[in-house]
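One-letter residues, chain by chain:
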Amino acid sequence: GLPLGSAVGTVDALRVGADVSGSWTPRFNNVGFPFKNEKHMPSARNSIQNILTRAFMHDTLWINDPDCLLVRKETQLNEHEIISLATVISLTSGSIFFSDDITALPADRIDLVASLLPPIGKRAWIVDWLDAKTPSRLRLDLSNCLGSWHILAAFNWKDESQVVSLLPSHYFLDDRDYYVSSFWERISWKSDVHAPLYQGVLAPHACVTLAVRTTQPGSIYIGSNLHISQGLEIKQWQDSLHKLKVSFDTQRVAEGYADIKLNIPPKAVSLSQNKPVKWEYMFNGIYRFEIMIDHVEDLIIQM
């Protein structure tokens, strides 16, 4: 880290803001009340502020260093704050540094970190960058063999709960039907034209992270809890009348689910080497498949 202007054209990577710490607001010797408005002292809030407002520098001036992702439970950060920090770091596409002792982490926190890897490699658009002191809306446009989709994030930076209603227009999207999958909440739904993409109450410092896809003929990958992109884990998608083949590459052993919309109910579902797969019907032709991926696997759905 150093003054930003003097680093232009000189460094390949740079810390772009305040250090993170295990508290939401600044503290010194475990005392916080005199330092709440200190913008440069270590804290999760101050780190997030700089990560968002300086996200545009990444891949333009250097590789942004947002400081470490903290997920261990021995801090003063609650689960909402840890998830918000992880989402901001992941979607702004800077370096992902992780310094917690993995051997001391519970399984759910290890899964949280693993779901951010490999890094997405593309920076989100900070939608309200000029409209708020601390931006609260991110849009990331992604595409691969599945087609194109959007990852949308909304944050509540207030110290009290907030009712949130997210319309497509808030993210400069057309008003139409969409399928939506909420990554951290692990639920999916269909949003009809003229309806909000999401409605709910966000706790203080919490966020919602959505995969949003347009409706279209044929089978549709709605989302999963395997990777925060909810789609980049798919390397091949082969859809025919009575068979769907979905090729996963998670680069790790990953256990979770995938939500897929089918026009015809499945008759038999298996992974590579004929491992059977459990599934359940959700709604509107969407099925949830429980899967264990060993790095590279093919999900075969017979219809």
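This text goes with the structure placed above it.
On a predicted model such as this, the values are computed, not experimentally measured, just so you know.

## A word on the overall build of the protein chain
When helices and strands are counted, the protein chain shows 4 helices and 17 strands. Summarising its shape, the C-alpha atoms of the protein chain cover approximately 65 × 45 × 40 Å along the three principal directions. Counting every position in the protein chain, which comprises 303 residues, the buried fraction comes to 50%. Considering only contacts in the protein chain between residues 6 or more positions apart, those separated by 24 or more positions represent 65%. Taken as a whole, the protein chain presents about 14300 Å² of accessible surface, with 52% of it coming from carbon and sulfur. For the protein chain, the centre of its 28 positive side-chain charges and the centre of its 33 negative side-chain charges are spaced 2 Å apart.

## A few points about the pairing of strand β13 (residues 243-261)
Regular strands have side chains that alternate between both faces of the sheet. The pairing of strand β11 (residues 220-224) with β13 spans 4 bridges and is antiparallel. Bridge pairing in β13 links Ile-220 to Lys-261. Relative to β13, strand β12 (residues 234-239) runs antiparallel, the two sharing 5 bridges. Bridging across to β13, Gln-236 finds its partner in Ser-247. What sits between the antiparallel neighbours β12 and β13 is a turn of 3 residues. Two strands pair when backbone bridges link them, and β13 and strand β17 (residues 286-302) are joined in this way by 16 bridges, in the antiparallel orientation. Counterpart to Lys-261 in the pairing with β17 is Ile-286.

## Points about helix α4 (residues 107-114)
Burial in α4 covers these residues: Arg-109, Leu-112, Val-113 and Ala-114. For α4, the secondary structure elements touched by its buried residues are α3 (79-92) and β13.

## A few points about the nonpolar core
Residues Leu-91, Phe-248, Ile-260, Phe-289, Ile-291, Leu-299 and Ile-301 are the most contacted members of the largest nonpolar core, which totals 61 residues. Broken down by element, the residue count for this core peaks at 7 residues, all from α3. One finds Leu-166, Trp-189, Leu-202 and Leu-210 within the second-largest nonpolar core, a separate group that totals 16 residues.

## Looking at the side chain of Thr-53
Counting through the fold element by element, Thr-53 comes out in helix α2 (residues 44-53). Within the structure, the side chain of Thr-53 is placed 2.9 Å from the backbone oxygen of Gln-49, a separation counted as a polar contact. If we ignore the near neighbours within four places in the chain, the residues touching Thr-53 are Trp-129, Lys-133 and Pro-135.

## Brief notes about the packing of aromatic side chains
For the structure on display, the rule yields 10 aromatic pairs. Considering the side-chain rings of Phe-183 and Trp-184, the 4.8 Å spacing of their centres and the 75° angle between planes classify their relative orientation as edge-to-face. An angle of 65° between the planes, with centres 5.1 Å apart, marks the rings of Tyr-281 and Tyr-287 as edge-to-face. Residue classification places Tyr-287 among the buried residues on the basis of a relative accessible area of 7%. Ring pairing ties together the aromatic residues Trp-24, Phe-155 and Trp-157, which thus form one cluster. Of note, Arg-288 hangs over the ring of Tyr-257, and the distance from its end group to the ring centre comes to 3.7 Å.

## Looking at a negative patch on the surface
Together, Asp-111, Glu-255, Glu-280 and Glu-290 make up a region of like negative charge exposed at the surface. Structurally, Glu-280 can be placed in strand β16 (residues 278-283).

## Overview of the state of the cysteines
One pass over the structure, following the stated rule, counts 0 disulfides. Between Cys-68, a cysteine without a disulfide, and Cys-207, which holds the nearest cysteine sulfur, the sulfur-to-sulfur distance is 20 Å. A relative accessible area of 19% places Cys-68 in the buried class.

## Brief notes about the pairing of strand β8 (residues 187-191)
One ladder, built from 5 bridges, connects strand β7 (residues 178-182) with β8; its direction is antiparallel. Considered in β8, the bridge of Ser-182 is made with Ile-187. The antiparallel hairpin formed by β7 and β8 contains 4 residues in its connecting segment, where Arg-186 sits at a positive phi of about 60°.

## Here we look at the packing of α2 against α3
For the pair α2 and α3, the least separation of the axes is 10 Å and the interaxial angle reads 25°. By the angle between their directions, the pair α2 and α3 is classed as roughly parallel. Seen from above, α2 lies across α3 with left-handed handedness. Facing α2, whose interface residues are Ile-48, Ile-51 and Leu-52, α3 presents Leu-85, Val-88, Ile-89 and Thr-92.

So, how was this worked out
Residues numbered from 1 in each chain as written. Predicted model: local features only at pLDDT ≥ 70, side-chain atom pairs only at ≥ 80, totals over all residues. Heavy atoms only, no water. Helix = DSSP H or I, 4+ residues; strand = E, 2+ residues; numbered from the N terminus. Buried < 20%, exposed > 50% of the residue type's maximum accessible area, 1.4 Å probe, protein only. Contact = heavy atoms within 4.5 Å. Areas by Shrake-Rupley, 256 points an atom, 1.4 Å probe, with all protein chains shown as cover. Lys, Arg positive; Asp, Glu negative; His and termini not counted. Charge placed at Lys NZ, Arg CZ, Asp CG, Glu CD. Pairing = 2+ DSSP bridges. Core = buried A, V, L, I, M, F, W, Y, C linked by side-chain atoms within 4.5 Å. Polar contact = N/O pair within 3.5 Å; in protein donor to acceptor, adjacent residues only side chain to side chain. Phe/Tyr/Trp six-rings, centres within 6.5 Å; stacked < 30°, edge-to-face > 60°. Lys NZ or Arg CZ within 6 Å of the ring centre and 35° of its normal. Patch = residues over 30% accessible without salt bridge, like charges linked within 9 Å, V, L, I, M, F, W, Y side chains within 5 Å. Salt bridge = Lys/Arg side-chain N within 4 Å of Asp/Glu carboxyl O. Disulfide = S-S within 2.5 Å. Axes fitted to C-alpha atoms, helices over the stretch in contact; angles between N-to-C directions. Parallel < 35°, antiparallel > 145°, perpendicular 65-115°, else oblique. Left-handed = near helix turned anticlockwise from the far one by under 90°.

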